[in-house]
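Chain by chain, the residues:
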Amino acid sequence: MFWVLLLLLAWAAAGTACTRLCLAAVRAAAVDTEEVAAGHGHDLTLYEAAFLSGGPRRVADLTMVSMARQRRLLLAHTGWATVVDPRGRDEIERSVIGAIGPEGQSRITPARDAAATAAPVRGLADRLVRAGLAVPDGARTTVAAAVRQVQLAALVVLALGATALLTPAPSEMPRQLIALWFALPLALTLSCLAIARVEVHPYSRWASPAGQRLLGALARRTAGGDDRTYLTTVAVRGVRAVGEPDLRAAFADREQHWRTGHTRGA
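Notes on the structure in this doc start here. This one's a predicted model, so the numbers in the text were calculated from it and none came from an experiment.

A tally of helices and strands in the chain yields eleven helices and three strands. Counting helices and strands in the order they occur from the N terminus, the chain gives α-α-α-β-β-α-β-α-α-α-α-α-α-α. Here the chain holds 266 residues, and the buried ones make up 41% of them. Considering only contacts in the chain between residues 6 or more positions apart, those separated by 24 or more positions represent 72%. Surface summary for the chain: the accessible area is close to 14,500 Å², and the carbon and sulfur share equals 61%.

On to the packing of aromatic side chains. On inspection of all chains with the given rule, the structure shows one aromatic pair. Residue placement shows Arg69 over the ring face of Tyr230; its charged tip is 3.8 Å from the ring centre.

Going residue by residue along strand β2 (residues 80-83), you find Ala81 and Val83 tucked away on one face and Trp80 and Thr82 left uncovered on the opposite face. Where strand β1 (residues 73-75) lies against β2, three bridges are found, and the strand directions are antiparallel. In the sheet register, Leu75 faces β2, and the bridge partner there is Ala81. Two successive antiparallel strands, β1 and β2, enclose a turn made up of four residues, where Gly79 displays a positive phi of approximately 95°.

Mapped onto the fold, Arg197 is located in helix α8 (residues 175-199). Given the relative accessible area of 76%, Arg197 is considered exposed. Once the C-alpha coordinates of Arg197 and Val147 are considered, the two residues, 50 residues apart in sequence, prove to be 9.2 Å apart.

Moving on to the pattern of salt bridges. Tallying each qualifying case throughout the model produces seven salt bridges. With a shortest N-O distance of 3.5 Å, Arg112 and Asp61 are connected by a salt bridge. Within this pair, whereas Arg112 is found in helix α5 (residues 108-116), its partner Asp61 is found in helix α3 (residues 56-69), the two being separated by 51 residues in sequence. Judged by relative accessible area, Asp61 falls into the buried class, the value being 6%. Notably, a salt bridge pairs Arg69 with Glu244, separated by 2.4 Å at the nearest N-O pair. Residue Arg69 is located in helix α3, and its partner Glu244 is located in the loop between α10 (227-237) and α11 (245-265); the two are separated by 175 residues in the primary sequence.

Rules of the game
- Position numbers for residues count from 1 along each chain, tracking the sequence in the order it is written.
- Reporting in this predicted model follows two pLDDT cut-offs: at least 70 for local features of residues, and 80 or more for side-chain atom pairs to be given and counted; totals over whole chains, interfaces and linings ignore these cut-offs and use all residues.
- Side-chain descriptors were evaluated using all non-hydrogen atoms of the structure, hydrogens and water having been removed beforehand.
- Secondary structure elements follow DSSP: runs of H or I of four or more residues count as helices, runs of E of two or more count as strands, with numbering from the N terminus.
- Partly exposed describes any residue whose relative accessible area lies between the buried limit of under 20% and the exposed limit of over 50%, with all areas from a 1.4 Å probe on protein chains only and scaled to the type maximum.
- Contacts are assigned to residue pairs with any non-hydrogen atoms lying within 4.5 Å of each other.
- Residue burial considers only the protein chains on display, and all accessible areas are found by Shrake-Rupley using a 1.4 Å probe.
- Centres within 6.5 Å make a pair out of two Phe, Tyr or Trp rings, where for Trp the six-membered ring is used; the pair is then stacked when the planes are under 30 degrees apart, edge-to-face when over 60, and tilted otherwise.
- In this analysis the charged atom, NZ for Lys or CZ for Arg, is taken to sit over a ring once it is within 6 Å of the ring centre and within 35 degrees of the ring normal.
- A pair of strands is labelled paired if DSSP reports no fewer than 2 bridges between them.
- A carboxyl oxygen of Asp or Glu within 4 Å of a side-chain nitrogen of Lys or Arg is what we treat as a salt bridge.

Everything listed here is a matter of coordinates, which is why it stays silent on function.
Given below as structure tokens:
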């Protein structure tokens with residue numbers, strides 16, 4: 001019976017994918033439990049909030065916005081950055097100044113990218129990972145990849161079932177019963193996907209569940225119109241939260257320059 005072989009393949013695909021998803025979910029839950037204690041009582045700095053919200057480039061953006069508001073860095077609407085005060089107040093500001101270059105002027109996009117890959121930002125990322133607040137590079141897509149594999153397995157089961165029903169091979173088994181047999185592994189995959197959607201904690205690209213909780217608490221505590229509140233908003237939401245027209249124009253030109261360069265490269 002050819003359809004039995006196809007059924008075994010369907011069960012193998014569904015069982016392997018669902019097992020991988022279950023193991024990934026268990027590991028994620030174990031890490032989540034450990035990180036609850038790791039993140040307890042930790043007060044996020046603006047740089048940490050920026051990294052957990054948007055990664056290394058968000059840290060560079062926040063630094064540039066902060067320095068521009070203090071008139072220590074000029075961000076022109078043409079997309080150029082000019083250093084006004086070459087004395088950085090911390091290592092990340094110094095990395096931004098160094099990324100702009102010895103002439104004190106550079107386009108915003110390459111300066112931002114260079115600062116995002118500098119040692120101070122990498123060190124910030126390492127500290128957040130050790131504290132259990134950031135997701136390590138290798139673990140960012142574990143659960144998501146397992147979910148995609150289960151989705152693929154569901155499609156494979158459907159394809160195998162359709163092949164079994166459409167193959168003109170002699171069989172004493174009624175086609176309705178064959179379809180019912182293939183419905184079982186399909187139900188397994190769909191059930192796993194439904195459970196994962198409800199139970200598996202959603203990971204962001206950068207923040208672990210503990211980091212996401214601290215970001216949520218930071219957003220709830222933020223109130224008022226002072227400079228720290230403004231920068232916290234930029235750290236969490238990115239440059240789209242910039243309110244000044246000149247700064248907004250500078251970053252808009254940066255994004256346009258980035259898109260143009262990638263289009264030409266394509």
